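Residue-level structural notes
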Amino acid sequence: MRQFPCQVPQVQTPSRALEWPTLLVFAATYALWALATTALWGLSPVLATAAAALAIGQFSSLTHEVLHGHPFRNQALNEALVFPGICIFVPYLRFKDTHLQHHFDPALTDPYDDPESNYSDPAVWDRLPPAVKALLRFNNTLFGRMLVGPAIGILTMVAGDLRLMRRGDRRVRLAWALHAPGVALVLGWLAFAAMPVWAYLLSAYLGWSILKIRTYLEHRAHEAARARTVIIESRGPLALLFLNNNFHVVHHMHPGVAWYRLPALYFGNREHYLRRNEGYVYRDYLEIFRKHLFHAKDPVPHPVWPVRTASEQAAELRGGAGIVEERHAGLVAARH
């Protein structure tokens, strides 16, 4: 992975043995998940499916906290909390590796170097069949991202991982090997629980669909890396479900800060963060639904590709832009 110099961190993660707010959310999430797959199914299959989807979405947000080093100091304990394959479709280790790669901010939105980019290389886009272009344009609306986005993500990830495994990538093989017993635990639970497997798979898909609301416009194409990451000033239910990742530029600048500290950090320095991301901000998720439910926020082919050269990015960092202000000490896995 490419490395660039960065400023001295201005925000330090407080020393703690454990983070009780995160543990409480873990307990509530597992309780809702267990209730949804057992007693709620007998009362109302629709309610049970919806509750399981919310629990799975919350679990995914907690998984994001875990890969950033929460809630314990010991990362092995953290990862034990998310060992069960509750989300079904995505191996934890793949999410961890690709997400930490995504945190190399100078590459944000890059169709090749950012694993979470939804942009296409314009040259590749020009060669796509019309039907594929139509699908990807639909996927670029919020409605499309929620409806077909999870399926596109699953198929793309599995196809890519199969290619990597055929080439001998041991890290990817390990990820899926560890994921298998985690999924087996969930299937074993479902063998005795009331919820059938087909309903659980639907819940897992719906949970991922809800998460697409958060990820839909987290990043935009912009010549300045510091201006690519959004702020959504929401403190409502979705902010809790997403563990305040809507304050996304704050998270990218200080990825070691726990989720429950992000709002105060943002509102205490609001002008600073909005100056840094050049005003890429939404008031709440209602504004996003009004503007983008059926209207894409930007095109599929990257509108400013190629974004910048490595020397230009390095010059920005030397000039004090401070794209990455806090390192993931001990968390960034070696690339294989």
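Predicted model, so just to flag it, every value in this text is computed and none were measured.

**What about the overall build of the chain?**
Along its length, the chain carries 17 helices and two strands. Across the 336 residues in the chain, those meeting the buried criterion constitute 52%. Of all intrachain contacts in the chain linking residues separated by at least 6 positions in sequence, the fraction that spans at least 24 positions is 74%. When the accessible surface of the chain is totalled, it reaches about 15,500 Å², and 64% of it is carbon and sulfur.

**Section: the side chain of Asp121**
Examined against the element boundaries, Asp121 turns out to sit in the loop between α5 (92-102) and α6 (122-127). The buried charged residue Asp121 lacks any salt bridge, with Arg127 as its nearest oppositely charged partner at 6.6 Å. At 2.6 Å, the side chain of Asp121 forms a polar contact with the side chain of Tyr112. Those residues within four positions of Asp121 in sequence are excluded, and the remaining contacts are Pro111, Tyr112 and Trp305.

**So, the packing of helix α1 (residues 20-37) against helix α3 (residues 45-67)**
Remark: α1 packs on α3, axes separated minimally by 9 Å, with the N-to-C direction vectors making an angle of 150°. Taken as axis vectors, α1 and α3 run roughly antiparallel relative to one another. As α1 runs across α3, the sense of the crossing is left-handed. The segment α1 lies against α3, with Thr22, Val25, Phe26, Thr29, Tyr30, Leu32, Trp33 and Ala36 engaging Ala48, Ala51, Ala52, Leu54, Ala55, Ile56, Gln58, Phe59, Leu62 and Val66. When the residues that make up the contact of α1 with α3 are grouped by side-chain class, the tally is 15 nonpolar, three polar and no charged.

**Description of the confidence of the model for the chain**
The predicted model of the chain has a mean per-residue pLDDT of 88, with 86% of residues at 70 or higher. Taken as a whole, residues 1-13 scores under 50 in pLDDT and shows 35 contacts with residues more than four places along the chain or in a different chain.

**Notes on a nonpolar patch on the surface**
A cluster of nonpolar side chains, Leu32, Leu35 and Leu54, forms an exposed patch at the surface whose accessible area comes to about 220 Å². Tracing the chain through its elements places Leu32 in helix α1. Residue Leu32 is classed as partly exposed on the basis of its relative accessible area of 31%.

**Description of the packing of aromatic side chains**
All chains considered together, the criterion is met by 15 aromatic pairs. Each ring, one from Phe138 and one from Phe143, has its centre 5.9 Å from the other, and the planes form 75°; the classification is edge-to-face. Here Phe143 falls in the partly exposed class, since its relative accessible area comes to 35%. In this structure an aromatic cluster arises from ring pairing among Phe247, Tyr266, Phe267 and Tyr273.

**Description of the environment of Ala199**
Tracing the sequence through the fold places Ala199 in helix α11 (residues 197-215). The buried category is assigned to Ala199, whose relative accessible area is 0%. Between the C-alpha atom of Ala199 and that of Val46, which follows or precedes it by 153 residues, the distance is 9.4 Å. Each residue touching Ala199, except ones within four places of it in the same chain, is listed here: Trp41 and Thr49.

**Overview of the packing of α1 against helix α10 (residues 170-192)**
Axis separation between α1 and α10 bottoms out at 10 Å; the angle between their running directions is 45°. In terms of their interaxial angle, α1 and α10 are classed as oblique. Within the contact between the two elements, α1 uses Trp33, Ala34 and Thr37 and α10 uses Val186, Trp189 and Leu190. Each residue belonging to the contact of α1 with α10 can be placed in one class, and the counts come to five nonpolar, one polar and no charged.

**Examining α5**
For α5, the tally of buried residues reaches 10 of 11 residues, placing the bulk of the element in the interior. The set of residues buried in α5 consists of Tyr92, Leu93, Arg94, Phe95, Lys96, Asp97, His99, Leu100, Gln101 and His102. Against α3, α4 (75-81), α9 (149-166), α10 and α13 (248-253) lie the buried residues of α5.

**A few points about the environment of Val197**
Structurally, Val197 can be placed in helix α11. Given the relative accessible area of 39%, Val197 is considered partly exposed. Distance in space between the C-alpha atoms of Val197 and Thr37 is 9.8 Å, their sequence separation being 160 residues. Setting aside chain neighbours within four positions, we find Val197 in contact with Leu187 and Leu190.

**Re α11**
Look at α11: 27 Å from first C-alpha to last across 19 residues, which is about the 27 Å you get at 1.5 Å a residue. Of the residues making up α11, those classed as buried are Ala199, Tyr200, Ser203, Ala204, Gly207, Trp208, Ser209, Ile210, Leu211, Lys212, Ile213 and Arg214.

**Digging into the side chain of His64**
Tracing the backbone through its elements, the reader meets His64 in helix α3. For His64, a relative accessible area of 3% translates into the label buried. Separated by 3.1 Å, the side chains of His64 and His99 make a polar contact. Those residues in contact with His64 that sit more than four places away from it in its chain are Phe95, His99, Asn245 and His251.

The rules we used
- Residues numbered from 1 in each chain as written.
- Predicted model: local features only at pLDDT ≥ 70, side-chain atom pairs only at ≥ 80, totals over all residues.
- Heavy atoms only, no water.
- Helix = DSSP H or I, 4+ residues; strand = E, 2+ residues; numbered from the N terminus.
- Buried < 20%, exposed > 50% of the residue type's maximum accessible area, 1.4 Å probe, protein only.
- Contact = heavy atoms within 4.5 Å.
- Areas by Shrake-Rupley, 256 points an atom, 1.4 Å probe, with all protein chains shown as cover.
- Lys, Arg positive; Asp, Glu negative; His and termini not counted.
- Salt bridge = Lys/Arg side-chain N within 4 Å of Asp/Glu carboxyl O.
- Polar contact = N/O pair within 3.5 Å; in protein donor to acceptor, adjacent residues only side chain to side chain.
- Axes fitted to C-alpha atoms, helices over the stretch in contact; angles between N-to-C directions.
- Parallel < 35°, antiparallel > 145°, perpendicular 65-115°, else oblique.
- Left-handed = near helix turned anticlockwise from the far one by under 90°.
- Nonpolar A, V, L, I, M, F, W, Y, C, P; charged D, E, K, R; others polar.
- pLDDT = per-residue confidence, 0-100.
- Patch = residues over 30% accessible without salt bridge, like charges linked within 9 Å, V, L, I, M, F, W, Y side chains within 5 Å.
- Phe/Tyr/Trp six-rings, centres within 6.5 Å; stacked < 30°, edge-to-face > 60°.
- Expected span 1.5 Å × (residues − 1).

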